[in-house]
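Fold and geometry: a report
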Amino acid sequence: MRSAAIDHFDARAVFRGLLDGADYRNRVAGTCIYRCPRCDHRIRFRWRSFYQANGRSIFQRQLQRVFDDLTPGLPADEQGFLDFYCPTCAAPTRIVFSAQDYTKIAYHFDIYAALVGEAKRVK
Ligand SMILES: [Zn+2]
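Note on numbering: residues in each chain are counted from 1, in written sequence order. A pLDDT threshold of at least 70 governs which residues receive local features in this predicted model, and a stricter bar of 80 or more applies before side-chain atom pairs are shown or counted, although totals over entire chains, interfaces and linings include all residues.

**Quick look at the overall build of the protein chain**
The cut-off we apply is this: Runs of E in the DSSP output that reach at least two residues are strands. Runs of H or I that reach at least four are helices, and both are numbered from the N terminus. Radius of gyration here uses only the C-alpha atoms, and the compact-globule reference equals 2.2 Å multiplied by the residue count raised to the power 0.38. For the exposure call, what matters is how many other C-beta atoms sit within 10 Å of a residue's own: 20 or more marks it buried, 12 or fewer exposed, and in between partly exposed, using C-beta atoms placed from the backbone. We call two residues in contact when their backbone-placed C-beta atoms lie within 7 Å.
Broken down by element type, the protein chain carries three helices and nine strands. Ordered by position in the sequence, the α and β elements of the protein chain form the string β-α-β-β-β-β-β-α-α-β-β-β. Here the C-alpha radius of gyration of the protein chain, 14 Å, is about what a compact globule of 123 residues would show, namely 14 Å. Oriented by its inertia axes, the alpha-carbon framework of the protein chain measures out at about 40 × 25 × 20 Å. By residue count, 28% of the 123 residues in the protein chain fall in the buried class. Restricting the contact set of the protein chain to residue pairs at least 6 apart, pairs at least 24 apart contribute 55%.

Next comes the structure, spelled out in structure tokens:
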């Protein structure tokens, strides 16, 4: 696995529907749309998607390590990631986000970036 094959995309380059405010950027409010930069496949993510993904990965350990090496540390209450394979091109993808704890039971999720590997399938 060559780490050079994984590209960094800022949140705004691949997401639609994120909110900006006075003290936050790229916040998930309800739902947002991700567009795969390899194949243009669109996926709708919900707030719950980030809540449930926190701390788990579907990647094999070796691939997880490659992504971990490229995942920046964010200034946040907590940091999370959501790993998946694009349903169309099978590019391994990690969405990196910060979780701001705003009550005892809820979080705001702010998307930082997507790390996207090579497409494994052509359309
Ligand atoms: Zn794709």
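**What to know about the sheet that holds strand β5 (residues 31-35)**
Keep this limit in mind: Pairing between strands requires that DSSP locate at least two bridges from one strand to the other.
Strand order in the open sheet made by the three strands is β2-β5-β6, with antiparallel pairing throughout. Because the sheet does not close on itself, it has two edges, and the strands there are β2 (15-16) and β6 (42-46). Where β5 and β6 come together, five bridges link them in antiparallel fashion. Bridged to I33 within β6 is R44.

**So, the nonpolar core**
To keep it simple, the criterion reads: By our criterion, buried Ala, Val, Leu, Ile, Met, Phe, Trp, Tyr and Cys residues that link up through C-beta atoms within 7 Å make up a nonpolar core.
Within the largest apolar cluster, 26 residues are counted, with the highest numbers of intra-cluster contacts made by I95, V96, F97, I111 and L115. Looking at this core, the elements that each hand over two or more residues are β5, α3 (61-70), β7 (78-85), β8 (92-101) and β9 (107-116). When residues in this core are grouped by element, the largest group, seven residues, is from β9. Residue contacts for I111: discarding those within four places in its chain leaves A11, F15, L18, N26, V28, I95 and F97.

**A few points about the environment of C86**
Looking at where C86 falls in the secondary structure, it is placed in the loop between β7 and β8. Spatially, the C-alpha atom of C86 lies 8.8 Å from that of C39, the residues being 47 residues apart in sequence. Among residues more than four places away in sequence, those in contact with C86 are C36, R38, C39, H41, A91 and T93.

**A closer look at the pairing of β8**
Counting buried positions over the ten residues of β8 gives seven, a clear majority of the element. Bridge count between β7 and β8: eight bridges; the pairing is antiparallel. Its bridge partner being in β8, G80 is matched across the sheet by F97. Linking β7 back to β8 in an antiparallel pair, the connection comprises six residues, with A90 at a positive phi of about 65°. With nine bridges connecting them, β8 and β9 associate as antiparallel partners.

**Thoughts on the environment of L63**
Mapped onto the secondary structure, L63 falls in helix α3. By C-beta crowding, L63 is classed as partly exposed, having 17 other C-beta atoms within 10 Å. As a C-alpha pair, L63 and A22 span 41 residues in sequence and 37 Å in three-dimensional space.

**Section: the environment of A106**
Mapped onto the elements, A106 comes out in the loop between β8 and β9. Sequence-wise, A106 and C32 are 74 residues apart; in three dimensions their C-alpha atoms are separated by 18 Å.

Read these as geometric descriptors, not functional statements.
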